[in-house]
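A structural walkthrough
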Amino acid sequence: MSATRVAVLRFPGTLDHESAARAVEGVGGQAVYAHHEDTALPEGTQAVVIPGGFSYGDHLRPGALASRTPIMAAVKSHASAGGKVLGICNGFQILCESGLLPGVLRPNASLSFICRQADLEVADSGTAWTGGRLEGETLSIPFKHHDGAWFGDPGETRVVLRYKGENPNGSIDRIAGISNLSGNVMGLMPHPEEAQDPLLGSVDGRVLFAALLS
Amino acid sequence: MSPTMGDSGKPLFEELGLLASEYDRVVDLMGREPTDPELVMFSLMWSEHCSYKHSKPLLKGFPTTGPRVVMGPGENAGAVDVGDGLAIVFKVESHNHPSAVEPFQGAATGVGGIVRDIIAVGAKPIALLDSLRFGTLDSARSRFLFRRAVEGIGHYGNCIGIPNVGGEVQFDERYEDSCLVNAMCVGVVPHDRILSCAAKGLGNRLVLIGNRTGRDGIGGASVLASAELGDDDADKRPSVQVGDPFTERKLMDLCQAMGDAGLLVALQDLGAAGLTSAASEMASRGGVGLAIDLDRVPLREQGLAPGEVLVSESQERMLAIVEPAKMDAVVEMARRHELDATDIGEVTDTGELEALWRGEEVVRIPSLYLTDDVPFYDVPRDAAPAAVAIDLASVPEPDDLSAAWLSLMGDPNVASKRWVFEQYDQLVGAHTMRRPGGDAGVVRIPGTDRAVAVSLDCAEWHTEIDPYAGGMASVLEAARNVACTGAVPIAATDCLNYANPEKGSTGWRLAESIRGMADALTAIDSPIVSGNVSLYNESPRGPIYPTPVVGIVGLLDDASTSIGSAFDRHDDAILLIGYGEPRVDASRYLGRCEGAPPAPDPSADAALFRLLAECARRRLLKSAHDVSEGGLAVALAESCIAGGIGAGIAVPAGRRADEALFGEGGGRVVASCDPSHVADIAALAGEGITVVQVGAVGGDDVVVDAGGSVARVSLQEAAAVWEGSIPEALEAQ
């Protein structure tokens, strides 16, 4: 059986495409880059990762310009057909801006960029994204953002991950990551691609990439 | 003929910062009066910032060669071999004066500038570090500068996607007017992809890549960076450049793609003095001439004079030499990266820099006049009086050692710098193994099992008191931090921040500290491969401390053997490893730059570094942490806080218990290991190095017994004070 083909999106200003691609390969997938101008996902794409960074330099609003690119139209078709999409940090912002996930990401309550390792609580064990972990179990994954406070109606979504303990950025309900109601589109502010290697401190991010292949 | 007059009624050369004698030399060399654009070019290239006219003769004392050195000083950045066909490229640079005038953009473009130096060598940047110095936090101006400089570094560094893995922050009233913002960048490149800045090949095209040229940063290197700061600094704000990190990221990706595709003959970044500096360096280095058509330079605004186009410091620009047959590919690749690449001239065989403007020749200068013929100056070397040791009896002994300990943990110079480094992306790229806050940042070399450890450090109080010993101490502190991760120090970069070298004992301190640095670097086999000098960090209120910031790069052949600073497990043995006795002289505990701190011993440090590397290789140590500011007690508490577990140790009181706890000096490391490894570690220690088991990890308190005087702090309380100090100082007012 050939490896699951995962498209890793690249916009001008995307930063985490290489580490996201390594994470895909690390769980046994095949990573293929797709670019902002492309009008279709690469042939045979089974899942999509929208990695973090500062697409278009965060001009206008984080994710706003990227959400209006040709490749995102292709991602919407992929998602509406039930295909999996994982948006990380700026990728989460792009998913909210494009309407694939509800809500918006507002500036952190501190109004400053924060980079920190965090314990994330599994809030909904019913999606594929947490690899069968039970509610209340934790994943150690770093976050780093300036505009990461999710704001919206939690009733319109499935809350998958919450920050454990103190709310670091002022998001509603300590939300760190959500999926759509059907569970195939997931967005989170923390960076699972940076929690793949014991030498870097944690391997808890692997479950989110493994979910792309399931 | 007489020199052109400027707007102020003074001669133009004087307004531009040249001395009358320097102007005469220009006229002598040229055999005629320079045109206005030519004069502007000389004034920038002959500024201290670009020419090092006061420091270059002294820099010759540095060791710059060694078996690992691939490229030494003189290029955009230095490079050292790290095996697997790869080289590590790095440099530290100052952006002090712009940051004092406009801290956000000053610090941001400081990051942008040093990153372009690494890109220019063809390397992929993998790490950033910063060394920052401001006035004390009870000053509103210093709090403003500190906050905004950190935000600027974060704004730029986060957006271009290079992890910030370390550095240092210090506060002292001497930096109230003249803050220091030094940034270091580290990159990696295969040996066969290293690019030089030397222009070559008659008829090859001169290509300007990246941003359009505007009026920002005109005269930044001369009026701003090569003069003392004063009351009219707000007027100098237009001399500060404005950064655009999104464009820099595109430029970084483009330059790497062009390097990979073999499209470039040479590459150079545009920094201080803009096009003038870049073109003259490329021409001089390659022994060729360059002809520039200024009308082809893409401008951001109309109405720039030719001299302005030639010296604008607009950011995010690079200059490349490209074979004519590859021009189409270069332009197309730039278009795909949404950037301009514009043919603005060609390589000639005249050795001259020529510039055409509206069809007329406005500049024709042999490039060597600009790059090599600056007059060099010997700095006056008036020694300061010799230091006198502190009479310990004059230092009041604290009633409560535990309270003194907590108070020291809360000194902003000792306290956690989390407030700073949490504003930086420490992880992007997913190679950061040791994050800021430990002894040194450790980053895996992408695609290999190796890692580099990097630290930036300086011992400015020691350098003020005894510049030779302080120069050594600055090198050895940085190297000790690197060695504590288990890495072997292999090379260095330096940023020499000093006051006005023409005044007082500054020249002597500069010369002596360079001598001390050179001797220490030789002893630890770490040549200098790149560096930067920033003089005139002085205001009417006085000079800064002599601040030779040293960046050391170390290598771990097996990344998985790296050591952190955190204690691990109950009952692990705590070792004090190293040499030297603690002294209160010029310590943070004393709180004043006074006394005669003992000179470090570079050969003993070299033995200490070998021991730590060997212990790492054999996986004998669980943690290692340098004893520096705050002494043994602070180092112990920091390893406890990092590990979330207490510890207890006992040491001799020496001259006095408070000195044993808080004194500084020598080369000492607090380490921990499984109790079964203590003997193995002691057996590996070389001459001059002692390994003493002083206690054990465990409990909820941190306890030091110094000859029967016991100091005790709770882990929780120590952590709260240490972590809370800087945020509280910023919020309190």
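Attention in this report is confined to the structure presented alongside it. (Residues numbered from 1 in each chain as written. Chains lettered and ligands numbered in written order. Predicted model: local features only at pLDDT ≥ 70, side-chain atom pairs only at ≥ 80, totals over all residues. Heavy atoms only, no water.)

**Considerations on the overall build of chain A**
In terms of helices and strands, chain A carries 4 helices and 11 strands. In terms of its C-alpha atoms, chain A occupies a principal-axis envelope of roughly 45 × 40 × 35 Å. Every one of the 214 residues in chain A was classed for burial, and the buried ones make up 59%. Counting only contacts in chain A whose residues sit at least 6 apart along the sequence, the fraction spanning at least 24 positions is 70%. Surface exposure of chain A reaches about 7900 Å², of which carbon and sulfur atoms provide 50%. For chain A, the distance from the average site of its 16 positive side-chain charges to the average site of its 22 negative ones is 1 Å. (Helix = DSSP H or I, 4+ residues; strand = E, 2+ residues; numbered from the N terminus. Buried < 20%, exposed > 50% of the residue type's maximum accessible area, 1.4 Å probe, protein only. Contact = heavy atoms within 4.5 Å. Areas by Shrake-Rupley, 256 points an atom, 1.4 Å probe, with all protein chains shown as cover. Lys, Arg positive; Asp, Glu negative; His and termini not counted. Charge placed at Lys NZ, Arg CZ, Asp CG, Glu CD.)

**Thoughts on the overall build of chain B**
Within chain B, the regular secondary structure consists of 24 helices and 28 strands. In terms of overall size, chain B behaves like a compact globule, its C-alpha atoms giving a radius of gyration of 26 Å where 733 residues would be expected to give roughly 27 Å. Counting only C-alpha atoms and orienting by the principal axes, one finds that chain B spans roughly 85 × 55 × 45 Å. Looking at the 733 residues of chain B, the share that counts as buried comes to 65%. Relative to all contacts within chain B whose residues are 6 or more apart in sequence, the contacts with residues 24 or more apart total 84%. Looking at chain B as shown, the accessible area adds up to about 24200 Å², and 48% of this sits on carbon and sulfur atoms. Of the side-chain charges in chain B, 59 are positive and 106 negative, and the distance between the mean point of each set is 3 Å. (Rg over C-alpha atoms; globule rule 2.2 N^0.38 Å.)

**Topic: empty space enclosed by the protein**
Counted by the stated rule, this structure contains 3 cavities of 30 Å³ or more. As a volume, the largest cavity reaches approximately 400 Å³. Around the largest cavity sit 25 residues that line it, and Ala-459, His-462, Glu-477, Ala-586 and Glu-664 of chain B are the ones nearest its centre. Counting residues per element, the ones that place at least two in the lining of the largest cavity are strand 5 (164–171), helix 17 (460–465) and helix 18 (467–483) of chain B. Residue composition of the lining of the largest cavity, grouped by class: 9 nonpolar, 6 polar and 10 charged. Of the voids in this model, the second largest cavity is the one considered here, and its volume is about 150 Å³. In terms of lining, the second largest cavity is formed by 18 residues, of which the most central are Gly-53, Phe-54, Cys-89, Phe-113 and Lys-144 of chain A. For the lining of the second largest cavity, the secondary structure elements donating two or more residues are helix 3 (90–97) and strand 7 (138–145) of chain A. Residue composition of the lining of the second largest cavity, by class: 5 nonpolar, 8 polar and 5 charged. (1 Å grid on protein atoms, 1.4 Å probe; cavity = no way out; pocket = protein on both sides within 12 Å on 5 of 7 lines; lining within 4 Å. Points joined across faces, edges and corners; volume = space filled by probe spheres on them. Nonpolar A, V, L, I, M, F, W, Y, C, P; charged D, E, K, R; others polar.)

**Things to note about helix 4 (residues 206–213) of chain A**
Every buried residue of helix 4 of chain A is listed here: Val-207, Leu-208, Phe-209, Ala-211 and Leu-212 of chain A. Against the buried residues of helix 4 of chain A lie strand 1 (5–10), helix 1 (17–26), strand 3 (47–50), strand 4 (84–88), strand 7 and strand 11 (185–188) of chain A.

**With respect to the pattern of salt bridges**
Residue and element names in this part refer to chain B. Taken as a whole and judged by the stated rule, the model has 59 salt bridges over all chains. The closest approach of N and O atoms between Glu-460 and Arg-133, which form a salt bridge, is 2.9 Å. With Glu-460 in helix 17 and Arg-133 in strand 4 (residues 124–134), this residue pair connects regions lying 327 residues apart in the sequence. The burial state of Glu-460 is the same as that of Arg-133; both residues are buried. Between Asp-557 and Arg-450 there is a salt bridge, with its nearest N and O atoms 2.7 Å apart. Residue Asp-557 is located in the loop between strand 21 (547–556) and strand 22 (573–579), and its partner Arg-450 is located in the loop between strand 15 (441–444) and strand 16 (451–457); the two are separated by 107 residues in the primary sequence. Ionic contacts of the salt-bridge type, sharing partners, join the residues Arg-205, Asp-293, Arg-296, Asp-343 and Glu-346 into one network. (Salt bridge = Lys/Arg side-chain N within 4 Å of Asp/Glu carboxyl O.)

**Let's talk about the interface of chain A and chain B**
Buried accessible area, meaning the area lost when the parts come together, often serves as the stated size of an interface. Taken together, the contact pairs 28 residues of chain A with 25 residues of chain B. Taken together, both faces of the contact between chain A and chain B bury some 2200 Å²; the carbon and sulfur share is 55%. Taken together, the connections running from chain A to chain B amount to 4 salt bridges. Across the pair Asp-197 of chain A and Arg-444 of chain B runs a salt bridge, and its minimum N-O distance is 2.6 Å. At the surface where chain A touches chain B, the tally comes to 10 residue pairs in polar contact (both at pLDDT 80 or more). If you list the elements that add at least two residues to the side of chain A that touches chain B, you get helix 1, strand 6 (114–122) and strand 7 of chain A. In terms of residue class, the side of chain A that touches chain B is made up of 10 nonpolar, 9 polar and 9 charged. (Buried area = accessible area lost by both parts, 1.4 Å probe. Polar contact = N/O pair within 3.5 Å; in protein donor to acceptor, adjacent residues only side chain to side chain.)

**What about the side chain of Gln-423 of chain B?**
With respect to the helices and strands, the residue Gln-423 of chain B is situated in the loop between helix 16 (418–421) and strand 14 (432–434). When its relative accessible area of 8% is taken as the criterion, Gln-423 of chain B is described as buried. At 3.2 Å, the side chain of Gln-423 of chain B and the backbone oxygen of Trp-419 of chain B are in polar contact. Those residues in contact with Gln-423 of chain B, other than ones at most four positions away along the chain, are Ser-112 and Phe-113 of chain A together with Val-150, Glu-151, Gly-154 and Asn-158 of chain B.

**Notes on the sheet that holds strand 10 (residues 175–179) of chain A**
All names here are of chain A. In space, the 9 strands of this open sheet follow the order 2-1-3-4-11-10-9-6-7, with mixed pairing throughout. On the outer flanks of this sheet lie strand 2 (30–35) and strand 7, each paired with one strand and no other. Within the sheet, the average angular offset between the axes of one strand and its neighbour, ignoring direction, is 25 degrees. Sheet analysis places strand 9 (residues 158–163) next to strand 10, joined by 4 bridges and oriented antiparallel. Considered in strand 10, the bridge of Arg-158 is made with Ser-179. On top of the sheet, helix 4 reaches strand 1, strand 3, strand 4, strand 7 and strand 11; it is set at about 155 degrees to strand 4, its chief contact. (Pairing = 2+ DSSP bridges. Axes fitted to C-alpha atoms, helices over the stretch in contact; angles between N-to-C directions.)

**Here we look at the sheet that holds strand 16 of chain B**
By definition, the strands of a sheet pair up through backbone hydrogen bonds, in either a parallel or an antiparallel sense. All names here are of chain B. Within the open sheet, the 6 strands sit side by side as 14-15-16-21-17-18. Their pairing is mixed. Every other strand in the sheet has two partners, leaving strand 14 and strand 18 (528–534) as the edge strands with one partner each. Each strand of the sheet is rotated relative to its neighbour by a mean of 25 degrees, with strand direction disregarded. Where strand 14 lies against strand 15, 2 bridges are found, and the strand directions are antiparallel. Looking at strand 15, one finds that Arg-434 is bridged to Val-442.

**Section: the environment of His-431 of chain B**
Along the chain, His-431 of chain B falls in the loop between helix 16 and strand 14. In this structure the C-alpha to C-alpha distance between His-431 of chain B and Gly-447 of chain B, which are 16 residues apart in sequence, comes to 9.8 Å. Ignoring anything within four residues of it in the chain, the contact list for His-431 of chain B reads Arg-22 and Leu-200 of chain A together with Val-442, Val-443, Arg-444 and Pro-446 of chain B. Of note is the side chain of His-431 of chain B, whose polar atom sits 3.4 Å from the backbone oxygen of Gly-429 of chain B.

**Points about the nonpolar core**
Residue and element names in this part refer to chain B. Grouped together as the largest cluster of nonpolar side chains are 64 residues, with contacts concentrated most on Phe-62, Leu-496, Ile-552, Leu-575, Ile-577, Leu-621 and Ile-681. Ignoring sequence-local partners within four residues, the contact set of Leu-621 consists of Ile-563, Leu-575, Leu-612, Cys-615, Ala-671, Ser-672, Cys-673 and Ile-681. In terms of nonpolar packing, the next biggest core, distinct from the first, is built from 61 residues, Ile-119, Ala-334, Val-420 and Leu-730 among them. (Core = buried A, V, L, I, M, F, W, Y, C linked by side-chain atoms within 4.5 Å.)

Any functional reading would require information that these geometric values do not contain.
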